[in-house]
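# Coordinate analysis (summary)
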There are 2 protein chains.
Amino acid sequence: MTAVSEFDREIAVTGRADQPGTYDAELGQGWRIGGGVNGGLLLALAGHALRRELGPESANGMPGHPDPLAISAYYLSPGVPGPTELRTQVVRRGRGVSTGQVSVLQRDGDGEGAVLAERVRVLATYGDLALLDADASTSAVPPELPDPDACVSAAQAPPQFLKHASLLDRLDLRLDPATTGWAVGKPSGNGVIRGWLRLADGREPDPLMLLLAVDALPPVAFELGLPGWTPTLELTAHVRCRPAPGWLRVNLTSRTLSGGYLEEDAEVWDSAGRLVALSRQLARATSSRR
Amino acid sequence: MTAVSEFDREIAVTGRADQPGTYDAELGQGWRIGGGVNGGLLLALAGHALRRELGPESANGMPGHPDPLAISAYYLSPGVPGPTELRTQVVRRGRGVSTGQVSVLQRDGDGEGAVLAERVRVLATYGDLALLDADASTSAVPPELPDPDACVSAAQAPPQFLKHASLLDRLDLRLDPATTGWAVGKPSGNGVIRGWLRLADGREPDPLMLLLAVDALPPVAFELGLPGWTPTLELTAHVRCRPAPGWLRVNLTSRTLSGGYLEEDAEVWDSAGRLVALSRQLARATSSRR
């Protein structure tokens, strides 16, 4: 039996025979949050298309680069379930790393009035994490978390939140109760949300799944006392090593809200206690409640 | 008298009448560091071309967006002094923010063998910082620094370093002596470099100058005990408000070196004590000494 995971089915892309570098995908209903498809899922989808372009050895003998080392997404309009087109461009093939770009597009409207709208534009540099020096040193420390069973499951979220968050059915997310005051109207104001994360169907983490992980928790703005929707303008992630199987620990922090914008920093740690991904996003604080 | 500052002269761009969106610039000898032109200067130049595109009101009445809110640069090959071409693309014009892209290109080689090589590709979302809500709250604290006169001036750097760093003549840079152990072969290993920064000719900071500021200090890798050159793969900066005139304080930190890569985080504070810019870059640690 080779059951395909929900995540792999969702980020599947099919290359067009007549248009090299262009891929088709179909976004489902299962990854929605608030008004659109989760931004981390869109990033993983875009990252998958780039892996298809940059992962194999190039025609002129440059080595393949399957893993995103640094990837930046600029969000332009909310992604929705339905047909999706990905147009990639190879910016530079190199010996050690390669850079590519991809636009994620969907049709808005019907018939003659339909327009192809860009949802997100992504620029990324890929390498091969398997070939990198295994040495690592860090002064960062993994978040201290109660055991998963002592944490708050996303299934316990308020019904009015779950209604707009089919994404949460795809995840096994256990939040540290010290960081879930927002869910009962008592945000700590600390600007920290942390928890355990894995995919609900048991699909193990890999570099593409980490692109989902950095944007899969409730927005840290909630714990700052901002209950509104916080659309992401930009998110950049660094994948630092291939994650070990098992639970991930994700730590979100935000320090500065100014001019109506806040940054959200994510750190992702694997079950071996290694810092496997870092990200930062700039999001807009709005007054519209989720 | 309207003396043009060294910085403004360096980031000056001239639009091509016959090629809308394409600009010419001329990089000078004065902003070199290590093997190329400083990456922050290239980012400011790219940011200037995008300001030219996105700053004025659009043909269909969308408001102008002169300031980079989030800007990501993917470095492809080292920039060198000489003629430079910038090709911009407006990705999306919106009411609140607009997104654009720019490629910075230079000719490599002479005559028939010459090729136009991309130095850096930049994706950015612009807004109007003057229109943003002035409210700001942060749990970040500005770096504690001795007075500028009690700090180590860049002019005191080792001659073998200065020889390859004409950039330092453009800056008035005063490093906290607690973070300059690297300069005398005794790096602290703390992964912190901090100091005061302003332009040597007195040109006051603005959002474009902040794009230089986030990449103008010696690499924090030096203070981690890595004396080699650390080429930037990717740098993303968020400009959070327009800086007040006067000294900037810049705080660089790095926490994780893994697989031969490290991240460098920069925070920039203005003379009014506000966090005006944040950046993170992914850089490669090399064994080749500066």
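Everything in this summary refers to the structure shown in the same document. (Residues numbered from 1 in each chain as written. Chains lettered and ligands numbered in written order. Predicted model: local features only at pLDDT ≥ 70, side-chain atom pairs only at ≥ 80, totals over all residues. Heavy atoms only, no water.)

## Things to note about the interface of chain A and chain B
Each partner contributes residues to the interface: chain A has 48 residues there, and chain B has 49 residues. Approximately 4100 Å² of surface area, both sides summed, lies buried where chain A meets chain B, with 53% of it carried by carbon and sulfur atoms. Remark: the boundary between chain A and chain B carries six salt bridges. Notably, a salt bridge pairs arginine 280 of chain B with aspartate 265 of chain A, separated by 3.9 Å at the nearest N-O pair. The interface formed by chain A and chain B includes 35 residue pairs in polar contact (both at pLDDT 80 or more). Within the side of chain A that touches chain B, the residues separate by chemical class into 20 nonpolar, 16 polar and twelve charged. Where strand E15 (residues 256–258) of chain A and strand E9 (residues 136–138) of chain B come together, three bridges link them in antiparallel fashion. In the strand pairing of E9 of chain B, threonine 256 of chain A is matched with threonine 138 of chain B. (Contact = heavy atoms within 4.5 Å. Buried area = accessible area lost by both parts, 1.4 Å probe. Salt bridge = Lys/Arg side-chain N within 4 Å of Asp/Glu carboxyl O. Polar contact = N/O pair within 3.5 Å; in protein donor to acceptor, adjacent residues only side chain to side chain. Nonpolar A, V, L, I, M, F, W, Y, C, P; charged D, E, K, R; others polar. Pairing = 2+ DSSP bridges. Helix = DSSP H or I, 4+ residues; strand = E, 2+ residues; numbered from the N terminus.)

## As for the pattern of salt bridges
Per the counting criterion, the structure on display carries 40 salt bridges over all chains. For the salt bridge of arginine 255 of chain B with glutamate 267 of chain A, the shortest nitrogen-to-oxygen distance reads 2.3 Å. Here arginine 255 of chain B, found in the loop between strand E14 (248–253) and strand E15 (256–258), pairs with glutamate 267 of chain A, found in strand E16 (residues 261–269), and the two come from separate chains. Its salt-bridge partner being arginine 16 of chain B, residue glutamate 85 of chain B comes within 3.3 Å of it at the nearest N-O pair. Taken together, the residues glutamate 85 of chain B in strand E6 (residues 82–92) and arginine 16 of chain B in strand E1 (residues 14–16) connect sequence positions 69 residues apart. Three or more residues are tied together by salt bridges with common partners; here these are Arg16, Asp24, Glu85 and Arg87 of chain A.

## With respect to the pairing of E16 of chain A
Residues and elements named next belong to chain A. Within E16, nine of the nine residues are buried, which leaves the element mostly enclosed by the surrounding structure. Neither face of E16 is exposed, since Tyr261, Glu263, Asp265, Glu267 and Trp269 on one face and Leu262, Glu264, Ala266 and Val268 on the opposite face are all buried. Both strand E14 (residues 248–253) and E16 contribute to a ladder of five bridges, which runs antiparallel. Among the inter-strand pairings, threonine 253 is bridged to a residue of E16, identified as aspartate 265. Pairing geometry for E15 and E16, over two bridges, is antiparallel. When the bridges of E16 are listed, serine 258 appears paired with tyrosine 261. Pairing geometry for E16 and strand E17 (residues 275–284), over nine bridges, is antiparallel. Across the sheet, the residue bridging to tryptophan 269 is leucine 275, located in E17. (Buried < 20%, exposed > 50% of the residue type's maximum accessible area, 1.4 Å probe, protein only.)

## Points about the relation of the copies chain A and chain B
Turning chain A through 180° and shifting it by 0.0 Å along the axis lays it on chain B, with an RMSD of 0.0 Å. These values place the two chain copies in the arrangement generated by a two-fold rotation axis. (Least-squares fit on C-alpha atoms with pLDDT ≥ 70 in both.)

## Here we look at helix H2 (residues 39–54) of chain B
All names here are of chain B. The end-to-end C-alpha separation of H2 is 22 Å, in line with the 22 Å expected for 16 residues at 1.5 Å each. Most of H2 is tucked away, with 13 of its 16 residues classed as buried. N-cap assignment for H2: the residue whose side-chain oxygen lies 2.9 Å from the backbone N of glycine 40 is asparagine 38. (Expected span 1.5 Å × (residues − 1).)

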